[in-house]
Amino acid sequence: GKTTPPNALIKPYGLALHDGKIFVCDTMANAVEVFDLAKKRSHYFAPRGESRLQTPINISIDADGTRYVADTGRSQVLIYGKDESFVGSIGTKDEMRPCDVAITADRLYIADLKGHSVRVYGKADRKFLFSIPRDPAAPEAKLFSPTNLALDKQGRLLVSDTGASAVQIYDLEGKHLRTIGQQGVGP
């Protein structure tokens, strides 16, 4: 086959925009490709050692430039500073299977495919606070395969639940507000 040109995306998945740059998770390259639109350049962010990426699937970037990378291969969310320095991680081996991160002023919301939930952590101390749904026995609030997260202007958490073929909407304390969509009757 053909050789892959340098900095070519191999298997892109999640992305984020920040400060005139596009950050794209490349699950096959085990890296995040950074496209600087102003400078018309790109580079792979592929740290080594304890901070290396294994299967980065999604990235979220805080207002200050802190990067949160959901890495399903490592079962962790890896945290990097604006300068690409390693800050730390959330999660331990086999604790969760993170797919996405949503950021508020004081919390991190992590879609956990393994736990069928959204895990909520304090942003400053990275301590676990609670899981969404708060009442997993409530059938309307149940999550099957939470994969992607978004926060809306009304302060609600939207969870793309691919296992339920729906979007679940919660307040930031985990109270279920509504469901959009449902599983169909055919493929």
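Enquirer: Can you break down the overall build of the protein residue by residue, with the values?
Expert: Within the protein, the regular secondary structure consists of 0 helices and 16 strands. Taken along its principal axes, the extent of the C-alpha atoms in the protein is 50 × 45 × 35 Å. Counting across all 187 residues of the protein, residues that qualify as buried make up 45%. Look at the contacts in the protein between residues 6 or more apart in sequence, and 33% of them connect residues 24 or more apart. Accessible area of the protein: about 10100 Å², with a carbon and sulfur share of 52%. Distance from the positive charge centre (25 side chains) to the negative charge centre (22 side chains) of the protein: 4 Å.

Enquirer: Talk me through the side chain of threonine 27; I want residue IDs and the actual numbers.
Expert: Locating threonine 27 in the fold gives a position in the loop between β2 (21-26) and β3 (31-36). Relative accessible area serves as the criterion here: at 14%, threonine 27 is assigned to the buried category. For threonine 27, the contacting residues outside a window of four places in its chain are Lys11, Tyr13, Gln54, Thr55, Pro56 and Ile57.

Enquirer: Please set out the pairing of β2 residue by residue, giving values where relevant.
Expert: As paired strands, strand β1 (residues 12-18) and β2 are joined by 5 bridges and run antiparallel to one another. Opposite leucine 15, over in β2, you have valine 24 as the bridge partner. Between β1 and β2, which pair antiparallel in sequence order, lie 2 residues; one of them, aspartate 19, sits at a positive phi of approximately 55°. Relative to β3, β2 is paired through 6 bridges, and the arrangement is antiparallel. Each residue of the ladder has a partner; that of aspartate 26, found in β3, is alanine 31. Counting the residues in the hairpin turn of β2 and β3 gives 4 residues, including asparagine 30, whose phi is positive at 55°.

Enquirer: Residue-level account of the pattern of salt bridges, with values.
Expert: For the structure on display, the rule yields 6 salt bridges. Note that aspartate 19 is salt-bridged to lysine 82, the shortest N-O span being 3.8 Å. Here lysine 82 lies in the loop between β7 (76-80) and β8 (86-90) and aspartate 19 lies in the loop between β1 and β2, a separation of 63 residues in the sequence. According to the relative accessible area criterion, aspartate 19 is exposed, its value standing at 54%. The closest approach of N and O atoms between glutamate 95 and arginine 119, which form a salt bridge, is 2.7 Å. Placement of glutamate 95 in the loop between β8 and β9 (98-103) and of arginine 119 in strand β11 (residues 117-122) is noted, with a sequence separation of 24 residues between them. Given a relative accessible area of 32%, glutamate 95 falls into the partly exposed group.

Enquirer: Run through the environment of leucine 149, naming residues and quoting values.
Expert: Relative to the helices and strands, leucine 149 is located in strand β13 (residues 146-151). Taking the C-alpha atoms as reference points, leucine 149 and glycine 163, separated by 14 residues in sequence, lie 14 Å from one another. What leucine 149 contacts, discounting residues up to four positions off in sequence, is Asp100, Val101, Ala102, Tyr109, Ile110, Ala111, Val118, Leu157, Leu158 and Val159.

Enquirer: Break down the environment of alanine 8 for me, citing the residues and quoting the values.
Expert: Mapped onto the secondary structure, alanine 8 falls in the segment before β1. Discounting chain neighbours no more than four positions away, the residues touching alanine 8 are Asp26, Glu33 and Tyr44.

Enquirer: Describe the packing of aromatic side chains, naming the residues involved and giving the relevant values.
Expert: Under the criterion given, the structure shown has 3 aromatic pairs. The interplanar angle of 85° and the centroid separation of 4.8 Å between the aromatic rings of phenylalanine 45 and tyrosine 80 together place this pair among those described as edge-to-face. A residue pair is termed long-range when its members are at least 10 positions apart, and phenylalanine 45 in strand β4 (residues 41-45) and tyrosine 80 in strand β7 qualify at 35 residues. By relative accessible area, which is 6% here, phenylalanine 45 ends up buried. For tyrosine 80, a relative accessible area of 1% gives the class buried.

Enquirer: If you had to explain unusual backbone geometry to someone new, which residues and values would you point to?
Expert: Residue proline 133 is reached from isoleucine 132 by a cis peptide bond, and omega for that bond is 10°. Among the secondary structure elements, proline 133 is positioned in the loop between β12 (128-132) and β13. Backbone geometry at lysine 40 places phi at a positive 55°, although glycine is not the residue there. Here lysine 40 shows up in the loop between β3 and β4. The exposure class assigned to lysine 40 is exposed, which follows from its relative accessible area of 75%. The residue serine 75 is not glycine, and still its phi comes out positive at about 60°. Tracing the backbone shows serine 75 in the loop between β6 (67-71) and β7.

What counts, and where the lines are drawn
Residue positions within a chain follow its written sequence, with the count starting from 1. Only residues with pLDDT of 70 or above have their local features reported here, since the model is predicted, and side-chain atom pairs are shown and tallied only from 80 upward, although totals for entire chains, interfaces and linings are computed over all residues. Side-chain metrics rest on all non-hydrogen atoms present in the structure, leaving aside hydrogens and water. Elements are defined by DSSP. Helices are runs of H or I of four residues or more, strands are runs of E of two residues or more, and each kind is numbered from the N terminus. Only protein chains enter the calculation, and the probe is 1.4 Å; a residue is then buried if its accessible area is under 20% of its type maximum, exposed if over 50%, and partly exposed in between. Only heavy atoms enter the contact rule, under which two residues are in contact if any of them lie within 4.5 Å. Areas reported as accessible are Shrake-Rupley estimates using a 1.4 Å probe. Residue values count occlusion only from the protein chains shown. Charge convention: Lys and Arg are scored as positive, Asp and Glu as negative, and His as well as the terminal groups of each chain are ignored. For the purpose of locating charges, the reference atoms are NZ of Lys, CZ of Arg, CG of Asp and CD of Glu. Strands pair, by our definition, only if DSSP identifies at least two bridges between them. A side-chain nitrogen of Lys or Arg and a carboxyl oxygen of Asp or Glu constitute a salt bridge if their distance falls within 4 Å. In this scheme Phe, Tyr and Trp rings, the latter by its six-membered ring, pair at centre separations within 6.5 Å, and the angle between planes marks the pair as stacked below 30 degrees, edge-to-face above 60, and tilted otherwise.

In short, geometric facts, not functional conclusions.
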